[in-house]
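For reference, the chains in residue letters:
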Amino acid sequence: TIGKFGLGGFLLCLLLVFLRQEWMLADMQYRFARWQDRSVALTGHLVDDPQRTETGWTLTVQVAMITEPGSELLPQEKRNSPGGRIRASLYEPDLAMGLRYGDRIRVRGTLRLPERQRNPGGFDTSLYLAARGITGQMTLSEPPEPLPGKSGNPWVGLGLAWRAAAVGKLEAMLPAQEAAVLSG
């Protein structure tokens with residue numbers, strides 16, 4: 001048995017999830033298309049703690065404003081505020097980030113749209129990012145510049161802090177592979 005709402009409620013939930021993902025895929029095609037493969041500066045706040053990878057760092061940024069070289073001199077109302085989220089990659093593995101959820105930052109780099117699946121049965125980066133609400137990617141040319149102030153939900157910040165503490169305890173108590181599996 002599926003529960004109180006039955007099969008109809010279950011199918012409705014699946015339909016809503018599918019429609020959200022399709023909307024995010026469509027959003028990818030126009031939100032940042034104007035800046036595809038261009039060098040830009042982006043201002044926003046972190047919607048997750050920075051993630052260390054084998055090759056550097058990954059940040060998820062809620063975009064507040066995009067500026068191109070030379071557009072910093074434009075009045076505020078003529079600047080671009082497209083909204084949306086981007087996944088930013090910084091290839092400097094030894095950099096100590098020191099940033100947390102909600103921190104306001106400015107990043108500079110090349111903006112691009114996520115790639116669709118190229119091979120049958122291959123990984124589809126655009127679907128993966130769409131499921132997470134991310135509509136663009138950026139390769140950073142320099143470390144992020146912290147800005148004054150914070151944004152975001154304080155409850156989410158508290159939850160992420162608790163998660164980081166739990167992962168730290170797992171890593172201290174267990175071998176590296178087991179800790180990595182349990183911490184996600």
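Residues numbered from 1 in each chain as written. Predicted model: local features only at pLDDT ≥ 70, side-chain atom pairs only at ≥ 80, totals over all residues. Heavy atoms only, no water.

What follows is about the overall build of the chain. Along the chain, the regular secondary structure elements total four helices and seven strands. From first element to last, N terminus to C terminus, the chain shows the α and β order α-β-β-β-β-β-α-β-β-α-α. Burial analysis of the chain (184 residues in total) assigns 35% to the buried set. Within the chain, residue pairs in contact and separated by at least 24 positions form 76% of the contacts whose partners lie at least 6 positions apart. A total accessible area of about 11,500 Å² is found for the chain, and carbon and sulfur atoms account for 58% of it. (Helix = DSSP H or I, 4+ residues; strand = E, 2+ residues; numbered from the N terminus. Buried < 20%, exposed > 50% of the residue type's maximum accessible area, 1.4 Å probe, protein only. Contact = heavy atoms within 4.5 Å. Areas by Shrake-Rupley, 256 points an atom, 1.4 Å probe, with all protein chains shown as cover.)

What follows concerns the confidence of the model for the chain. For the chain, the mean per-residue pLDDT works out to 81, and 88% of the residues sit at or above 70. Note that pLDDT drops below 50 for residues 73–78; the model gives that stretch two contacts with residues more than four away or on any other chain. (pLDDT = per-residue confidence, 0-100.)

Let's shift gears to the side chain of Thr60. If you trace the backbone, Thr60 turns up in strand β3 (residues 57–67). Not counting the four nearest positions on each side in its chain, Thr60 is found in contact with His45, Leu46, Val47, Asp48, Arg85, Ile86 and Ile134.

The next point concerns the packing of aromatic side chains. A ring pair, where both rings are aromatic, is described by two values, the distance of the centres and the angle of the planes. Applying the stated criterion across every chain, the model contains one aromatic pair. Measuring from ring centre to ring centre gives 5.7 Å for Phe123 and Tyr128, while their planes differ by 55 degrees; the resulting arrangement is tilted. Looking at Tyr128, the relative accessible area reads 30%, which means it is partly exposed. (Phe/Tyr/Trp six-rings, centres within 6.5 Å; stacked < 30°, edge-to-face > 60°.)

A separate point is helix α3 (residues 154–173). Each α-helix winds once per 3.6 residues, and so residues spaced three or four apart point in a common direction. The terminal C-alpha atoms of α3, which comprises 20 residues, lie 29 Å apart, in line with the 28 Å expected from a rise of 1.5 Å per residue. With a side-chain oxygen lying 2.8 Å from the backbone nitrogen of Trp155, the N-terminal cap of α3 falls on Asn153. (Expected span 1.5 Å × (residues − 1). Polar contact = N/O pair within 3.5 Å; in protein donor to acceptor, adjacent residues only side chain to side chain.)

By the bridge criterion, six bridges tie β3 to strand β4 (residues 85–90) in an arrangement that is antiparallel. Bridged to Val61 within β4 is Ile86. Both β4 and strand β6 (residues 136–140) contribute to a ladder of four bridges, which runs parallel. Note on β6: the bridge partner recorded for Ser89 is Thr139. (Pairing = 2+ DSSP bridges.)

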